[in-house]
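If you want the building blocks of each chain, they are given just below.
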Amino acid sequence: MDNNILVSVKGIVPTPTGCGVFLSNEQKTIAIFVDHSVAAAITMFLHGIKKPRPLTHDLIASIFSGLGVKVEKVVVNDLKDDTFYARLYLTQENELGRSVVEIDARPSDSMAIALQQKCPIFVSRHVWDTAEDMSWALEQASQKTSSEESEDSDLDEDEDEPV
């Protein structure tokens with residue numbers, strides 16, 4: 001049995017104190033709460049939005065590129081006291097050979113880097129089995145967004161009518 005579950009970012013939902021980033025496979029969805037600035041970076045990478053100036057994750061990518069480092073994968077590897085932990089797996093190849101480095105990192109930054117570098121995101125089996133299934137919350141947020149969009153389009157139609 002594989003110890004890591006491949007996931008993808010299925011949604012980002014704003015909250016009063018940050019955003020919930022929903023990671024999912026076909027069976028389950030978990031939510032990792034992040035601050036607004038990293039959620040904005042994740043959103044930009046998800047949608048391929050170009051920025052006028054490099055942000056922090058762009059700087060990290062430039063450093064990796066300059067050093068010949070490639071991000072192989074991200075693993076959300078632990079959950080303690082409602083806090084998620086993650087690891088970045090980096091490789092560097094040069095004339096001396098190939099080295100692999102595993103770095104402790106916040107899941108929020110790890111997800112942003114994974115999306116930017118187009119590398120897979122995994123959740124360890126232990127974390128996956130421990131974390132609450134939040135599929136209901138993502139579904140609820142999607143329904144709320146859909147109903148708000150339909151209300152907005154109704155308002156737009158009303159604006160064209162004569163008074």
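Owing to the predicted nature of the structure, the values given are computational and were not obtained by experimental measurement. (Residues numbered from 1 in each chain as written. Predicted model: local features only at pLDDT ≥ 70, side-chain atom pairs only at ≥ 80, totals over all residues. Heavy atoms only, no water.)

A closer look at the overall build of the chain
A tally of helices and strands in the chain yields five helices and seven strands. Reading the chain from its N end, one meets helices and strands in the order β-β-β-α-α-β-β-β-α-β-α-α. With 163 residues in all, the chain has 39% of them scored as buried. Nonlocal contacts in the chain, meaning residues at least 24 apart in sequence, comprise 53% of its contacts between residues at least 6 apart. Here the chain displays about 10,300 Å² of accessible surface, and carbon together with sulfur accounts for 52% of that area. (Helix = DSSP H or I, 4+ residues; strand = E, 2+ residues; numbered from the N terminus. Buried < 20%, exposed > 50% of the residue type's maximum accessible area, 1.4 Å probe, protein only. Contact = heavy atoms within 4.5 Å. Areas by Shrake-Rupley, 256 points an atom, 1.4 Å probe, with all protein chains shown as cover.)

Quick word on the pattern of salt bridges
Per the stated rule, a full pass over the model turns up eight salt bridges. A salt bridge links R87 to E102, with the nearest nitrogen and oxygen atoms 3.0 Å apart. Of this pair, R87 sits in strand 5 (residues 83-94) while E102 sits in strand 6 (residues 97-105), and the two are 15 residues apart along the sequence. Residue classification places E102 among the partly exposed residues on the basis of a relative accessible area of 42%. Across the salt bridge formed by D109 and R106, the nearest N and O atoms sit 2.9 Å from each other. What emerges from the salt-bridge pattern is a single network uniting D35, R106 and D109. (Salt bridge = Lys/Arg side-chain N within 4 Å of Asp/Glu carboxyl O.)

Some words on the packing of helix 2 (residues 56-67) against helix 3 (residues 107-117)
Running from amino to carboxyl end, helix 2 crosses helix 3 at an angle of 60°, the nearest separation of the two axes being 10 Å. When the interaxial angle is binned, helix 2 and helix 3 end up oblique. Crossing geometry of helix 2 relative to helix 3 is assigned as right-handed. The residues of helix 3 that touch helix 2, namely those facing H57, D58, I60, A61 and F64, are D109, A112, I113, Q116 and Q117. Of the residues belonging to the contact of helix 2 with helix 3, the class tally is five nonpolar, three polar and two charged. (Axes fitted to C-alpha atoms, helices over the stretch in contact; angles between N-to-C directions. Parallel < 35°, antiparallel > 145°, perpendicular 65-115°, else oblique. Left-handed = near helix turned anticlockwise from the far one by under 90°. Nonpolar A, V, L, I, M, F, W, Y, C, P; charged D, E, K, R; others polar.)

Considerations on the pairing of strand 4 (residues 69-80)
By the bridge criterion, 10 bridges tie strand 4 to strand 5 in an arrangement that is antiparallel. From the neighbouring strand, K70 faces strand 5, where its bridge partner is T91. Linkage of strand 4 to strand 5, two consecutive antiparallel strands, is achieved through a turn of two residues, within which D81 is found at a positive phi near 50°. Note: strand 4 against strand 7 (residues 121-124), three bridges, orientation parallel. By the bridge assignment for strand 7, V76 is matched with V123. (Pairing = 2+ DSSP bridges.)

Side note on the confidence of the model for the chain
When the pLDDT values of the chain are averaged, the result is 89; 87% of them are 70 or greater. No element of the chain has a lower mean pLDDT than helix 5 (residues 135-159), at 69, and none a higher one than strand 7, at 98. (pLDDT = per-residue confidence, 0-100.)

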